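# Coordinate analysis (summary)
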Amino acid sequence: MNGRLMELAGRTRGFMPAEEGLALHQLGLEASPSHPMLEVGGYCGLSALYLGSAAQETGSVLFSVDHHRGSEENQAGWEHHDPELVDARTGRMDSLPFFRRTIELGGLEAHVFAVVGASVEVAAAWATPLSLLFIDGGHGEEPAMADYEGWSPRLVPGAFLAIHDVFPDPVDGGQAPFHVFTRARADGFVEGGAAGSLRWLRAPS
Ligand code: SAH
Ligand code: MG
């Protein structure tokens, strides 16, 4: 990824260390540009910078699905709450303006498309095959598994499935993404690699 985008990533709100972001970027470069990529959990656009710049390099596109109302842990009183993301008019979280600004500053508007809505409902209406799916939305057991079940059938053979916040040891973090990872393996996805808490697999043929 070029230095300007790395610098922008460094000052973008989010939950992705550079080492993991660069690994994600590399997956984006290796994913076939014949089909779009999709992430669940856009937040303020940090992971979308890494994937979107890959899309720009290969001539692909990234859809970023998020209702932009925050996960449970982003709400007031929780660990990952950021009061600056609260819409003063309604008191609700709204990360969409931050997402748009990040993609604008990154010069990636032609390659990153925000889809604003609840993941499972969007997935139910989605038919386009995907070359890469990045799951980083709701981190509870039910939403994380629902994202996997809703979106993974759209992956073409050999496509990448990347999952964030995979912690095999419960001491390190919540178990839902790890359970998605083990479920994917059981479903025939082939383990590809890891960087920090990011794990990736390839869709069975
Ligand atoms: N990938 C981001 C972080 C995502 S945080 C980064 O790199 O920083 C998780 C995001 O998932 C939040 O923005 C939240 O609004 C979104 N989210 C949680 N549950 C969701 C759901 N059911 N549908 C759509 N988005 C959801
Ligand atoms: Mg994450």
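As a starting point, this report considers the structure included with it. Along each chain, residue indices are assigned from 1 in the same order as the chain's sequence is written. Working convention: letters from A go to chains and numbers from 1 go to ligands, in the order in which they are written. Under the rules for a predicted model, residues below a pLDDT of 70 receive no local features and side-chain atom pairs below 80 are neither given nor counted, while totals for whole chains, interfaces and linings still include all residues. The side-chain values count all of the structure's non-hydrogen atoms but skip hydrogen atoms and water molecules.

Below, the discussion takes up the overall build of the protein chain. Put simply, DSSP H or I for four residues or longer makes a helix, DSSP E for two residues or longer makes a strand, and each gets a number counted from the N terminus. Helix and strand counts for the protein chain come out as seven helices and seven strands. Listed by position from the N terminus, the elements making up the protein chain come as α-α-β-α-β-α-β-α-β-α-β-α-β-β. Against the compact-globule benchmark of 17 Å for 205 residues, the protein chain has a radius of gyration of 16 Å, which places it among compact chains. In terms of its C-alpha atoms, the protein chain occupies a principal-axis envelope of roughly 50 × 35 × 35 Å. In this scheme, a residue with accessible area under 20% of its type's maximum is buried, one over 50% is exposed, and one in between is partly exposed, where area comes from a 1.4 Å probe on protein chains only. Split into buried and exposed, the 205 residues of the protein chain put 49% on the buried side. To measure how exposed things are, a 1.4 Å probe is used in the Shrake-Rupley method; for residues, cover is taken only from the protein chains shown. A total accessible area of about 9200 Å² is found for the protein chain, and carbon and sulfur atoms account for 53% of it. The quantity called the radius of gyration is restricted to C-alpha atoms. Its globule counterpart is 2.2 Å times the number of residues to the power 0.38.

Our focus in this paragraph is the coordination of the magnesium ion (ligand 2). Distances up to 2.8 Å from the metal define which N, O and S atoms are donors, and 3.2 Å serves for Na, K and Ca; water is absent from the atom set, so sites may look incomplete. Around the magnesium ion (ligand 2), the donor atoms from the protein are Asp136 (OD), His164 (ND1) and Asp165 (OD), and they sit 2.1 to 2.2 Å away. Each donor residue of the magnesium ion (ligand 2) lies on one chain, and together they are spaced D-x27-H-D. With Asp136 in the loop between β4 (130-135) and α6 (141-151) and His164 in the loop between β5 (155-163) and α7 (176-186), this pair connects stretches of sequence that are 28 residues apart. An identical accessibility class is assigned to Asp136 and His164; each is buried.

Once that is clear, we can look at the environment of Val112. The residue Val112 is located in strand β3 (residues 112-116) in this model. Sequence-wise, Val112 and Ala48 are 64 residues apart; in three dimensions their C-alpha atoms are separated by 7.3 Å. Excluding residues within four positions of it along the chain, Val112 makes contact with Ala48, Gly52, Leu62, Phe99 and Ile103. Contact definition: two residues touch when any of their heavy atoms are within 4.5 Å.

Any residue with a non-hydrogen atom lying within 4 Å of a molecule or strand is treated as near it. Taken together, 21 residues surround ligand 1, and among them Gly41, Ser47, Asp66, Ser119 and Asp136 come closest. Whenever two N or O atoms come within 3.5 Å, that pair is a polar contact, provided that in protein one can donate a hydrogen and the other can accept it, and provided that, for residues adjacent in sequence, both atoms are side-chain atoms. Within the backbone of His67, a nitrogen or oxygen atom sits 3.3 Å from a nitrogen atom of ligand 1. Separating a nitrogen atom of ligand 1 from a side-chain N or O atom of Asp136 is a distance of 2.8 Å. About the coverage of ligand 1: the protein hides 93% of its 580 Å² of free accessible area. The distinction between a cavity and a pocket rests on a 1 Å grid over the protein atoms alone: a 1.4 Å probe fits inside a cavity but cannot get out, while a pocket stays open yet meets protein on both sides within 12 Å along at least five of seven lines, and a residue with an atom within 4 Å of a point counts as lining. For a cavity or pocket, the test is whether more than half of a molecule's atoms lie within 2 Å of its grid points; if they do, the molecule sits there. Spatially, ligand 1 is embedded in the largest pocket. Under the grouping applied here, Gly and all other residues not named as nonpolar or charged are polar, the nonpolar ones being Ala, Val, Leu, Ile, Met, Phe, Trp, Tyr, Cys and Pro and the charged ones Asp, Glu, Lys and Arg. When its residues are assigned to classes, the shell around ligand 1 shows five nonpolar, 13 polar and three charged.

The next subject is the sheet that holds strand β1 (residues 37-40). Strands in a sheet are paired, the pairing made by backbone hydrogen bonds, and the direction either parallel or antiparallel. Across the sheet, which stays open at both edges, the seven strands sit in the order β3-β2-β1-β4-β5-β7-β6 with mixed pairing between neighbours. Where the open sheet ends on each side, the last strands, each with one partner, are β3 and β6 (190-195). For this sheet, the mean inter-axis angle between neighbouring strands, taken without regard to orientation, is 20°. In this description, a line fitted to the C-alpha atoms serves as the axis of each element, helices being fitted only across the stretch in contact, and the angle between N-to-C directions of two axes falls anywhere from 0 to 180 degrees. Running over the sheet, helix α2 (residues 18-30) touches β1, β4, β5, β6 and β7 (198-202) and is turned about 15° from β7. By this definition, two strands are paired if DSSP reports at least two bridges between them.

Quick look at unusual backbone geometry now. Of note, His68 is a non-glycine position whose phi angle comes to about 60°, a positive value. The residue His68 is located in the loop between β2 (62-66) and α4 (96-105) in this model. On the basis of relative accessible area, His68 is assigned to the buried category, the value being 1%.

Grid points are joined across faces, edges and corners, and a volume is the space filled by probe spheres set on the points. All chains considered together, the criterion is met by one cavity of 30 Å³ or more. The calculated volume of the largest cavity comes to roughly 50 Å³. In this structure, the largest cavity is lined by Ile135, Asp136, Gly137, Gly138, His139, Ala144, Ile163, His164, Pro177 and Val180. Classifying every residue of the lining of the largest cavity gives five nonpolar, four polar and one charged.

With that out of the way, let us pick up the packing of aromatic side chains. Pairing of aromatic side chains requires ring centres within 6.5 Å, counting the rings of Phe and Tyr and the six-membered ring of Trp. Pairs whose planes differ by under 30 degrees are stacked, by over 60 edge-to-face, and all others tilted. Using the criterion set out here, one finds six aromatic pairs in the structure. Aromatic side chains Phe178 and Phe181 sit 6.4 Å apart centroid to centroid with 25° between the ring planes, which places their arrangement in the stacked category. Here Phe178 pairs with Phe181, and both are found in helix α7, just three residues apart, close to one helical turn. Exposure class is identical for Phe178 and Phe181. Each is buried. Aromatic ring contacts, followed pair by pair, group Phe63, Phe113, Trp126 and Trp151 into a single cluster. The ring of Phe181 carries Arg199 above its face, with NZ or CZ at 4.9 Å from the centroid. Comment: the charge-over-ring label is applied if NZ (Lys) or CZ (Arg) is within 6 Å of the ring centre and within 35 degrees of the ring normal.

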